[in-house]
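Understanding the architecture of this molecule
This is what each chain is made of:
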Amino acid sequence: VQLQASGGGLVQAGGSLRLSCEASGRTFSSYAMGWFRQAPGKEREFVAGISGSGGSTYYTDSVKGRFTISRDNAKSTVYLQMNSLKPEDTAVYYCAADTNLRHVVVRGTPTYWGQGTQVTVSS
């Protein structure tokens, strides 16, 4: 499966952005999807994940209540709505996919990765 992320940009603290990740290839609903991020000088970290049906969602503590992951299986697209952005959210954001939900939300080792999209939050 190929993943194409978009929607990053520069925003002021307190603002919002919505990231999108469109998938091509095999049946999209078979894949759990996730968003990860990597800030300069830091390791890549899990941000949010969603099951293939969209019925289950998972978040890292630092984004709970501010970020929302969703998916539209008819459009083969997963979204990350980011509200109340903070400077510490600045990072390159990556979407990822795996048929095994645990690989996305627990192990952080999904099989497929998209290219990153830069999110910069100014103070």
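Since the model is a prediction, treat every value here as computed from it, not as a measurement. The written sequence of each chain sets the order in which its residues are numbered from 1. pLDDT decides what is reported in this predicted model: residues at 70 or higher carry local features, side-chain atom pairs at 80 or more are listed and counted, and totals for whole chains, interfaces and linings draw on all residues regardless. Excluding hydrogens and water, the side-chain values take into account all heavy atoms of the structure.

Before going further, it helps to examine the overall build of the protein. Each helix and strand in the protein was counted, giving one helix and eleven strands. We count a stretch as a helix when DSSP gives it H or I for four or more residues in a row; a strand needs E for two or more, and each element gets its number in order from the N terminus. From first element to last, N terminus to C terminus, the protein shows the α and β order β-β-β-β-β-β-β-β-β-α-β-β. Computation of the radius of gyration draws on C-alpha atoms alone. For the globule rule, the value is 2.2 Å times the number of residues to the power 0.38. Whereas a compact globule of 123 residues would reach a radius of gyration of roughly 14 Å, the protein reaches 13 Å, a difference of no more than 12%. Each principal axis of the C-alpha distribution contributes one length, and for the protein these read about 40 × 25 × 25 Å.

Let's shift gears to the sheet that holds strand β7 (residues 67-72). One key point about sheets: their strands pair by backbone hydrogen bonds, in either a parallel or an antiparallel sense. The four strands are arranged β1-β3-β8-β7 in an open sheet whose pairing can be described as antiparallel. Of all the strands in the sheet, just β1 (2-6) and β7 have a single pairing partner and so form its edges. On average, each strand axis in the sheet is inclined to that of its neighbour by 15°, with strand direction left out of account. Here, a strand pair is defined by DSSP locating no fewer than two bridges between the strands. Think of each axis as a best-fit line through the C-alpha atoms, taken over the contacting stretch in the case of a helix, with angles from 0 to 180 degrees between the N-to-C directions.

Relative accessibility under 20% of the residue-type maximum defines a buried residue, over 50% an exposed one, and the middle range a partly exposed one, all with a 1.4 Å probe and only protein chains included. The element strand β8 (residues 77-82) is extensively covered by neighbouring structure, given that five of its six residues are classed as buried. Across six bridges, strand β3 (residues 17-24) lies against β8 in antiparallel orientation. By the bridge assignment, L19 is partnered in β8 with L80. Where β7 folds back on β8, the antiparallel hairpin that results is connected by four residues, among which S76 adopts a positive phi of roughly 55°.

Between the rings of Phe, Tyr and Trp (Trp by its six-membered ring), a pair exists once the centres lie within 6.5 Å; its type follows the angle of the planes, with under 30 degrees stacked, over 60 edge-to-face, and the other angles tilted. Taken as a whole and judged by the stated rule, the model has four aromatic pairs. In textbook terms, an aromatic cluster arises when at least three aromatic residues are bridged by ring pairs, as seen for F36, F46, Y94 and W113. We count a charge as sitting over a ring when the NZ of a lysine or the CZ of an arginine lies within 6 Å of the ring centre and within 35 degrees of the ring normal. Across from the ring centre of W113, 3.8 Å away, lies the NZ or CZ of R44, which sits over that ring. If you follow R71 out to its NZ or CZ, it ends over the ring of F28, 4.3 Å from the centre.

Quick look at the nonpolar core now. The biggest cluster of nonpolar side chains holds 29 residues, and the ones touching the most others in it are M33, W35, L80, M82 and Y93. Elements that contribute at least two residues to this core include exactly β1, β3, β4 (32-38), β5 (45-50), β7, β8, β9 (91-98) and β11 (117-122). Whether two residues touch is decided by their heavy atoms; if any such pair falls within 4.5 Å, the residues are in contact. Among residues more than four places away in sequence, those in contact with Y93 are L19, W35, F36, R37, V47, F67, L80, M82, Q115, G116, T117 and V119. To form a nonpolar core, buried Ala, Val, Leu, Ile, Met, Phe, Trp, Tyr and Cys residues must be joined to one another through side-chain atoms within 4.5 Å. A32, F36, F46 and A96 belong to the second largest nonpolar core, which has six residues in total.

The backbone of S76 shows a phi angle near 55°, a positive value even though the residue is not glycine. Tracing the sequence through the fold places S76 in the loop between β7 and β8. Of note, the phi angle at S84 is positive, near 50°, even though the residue is not glycine.

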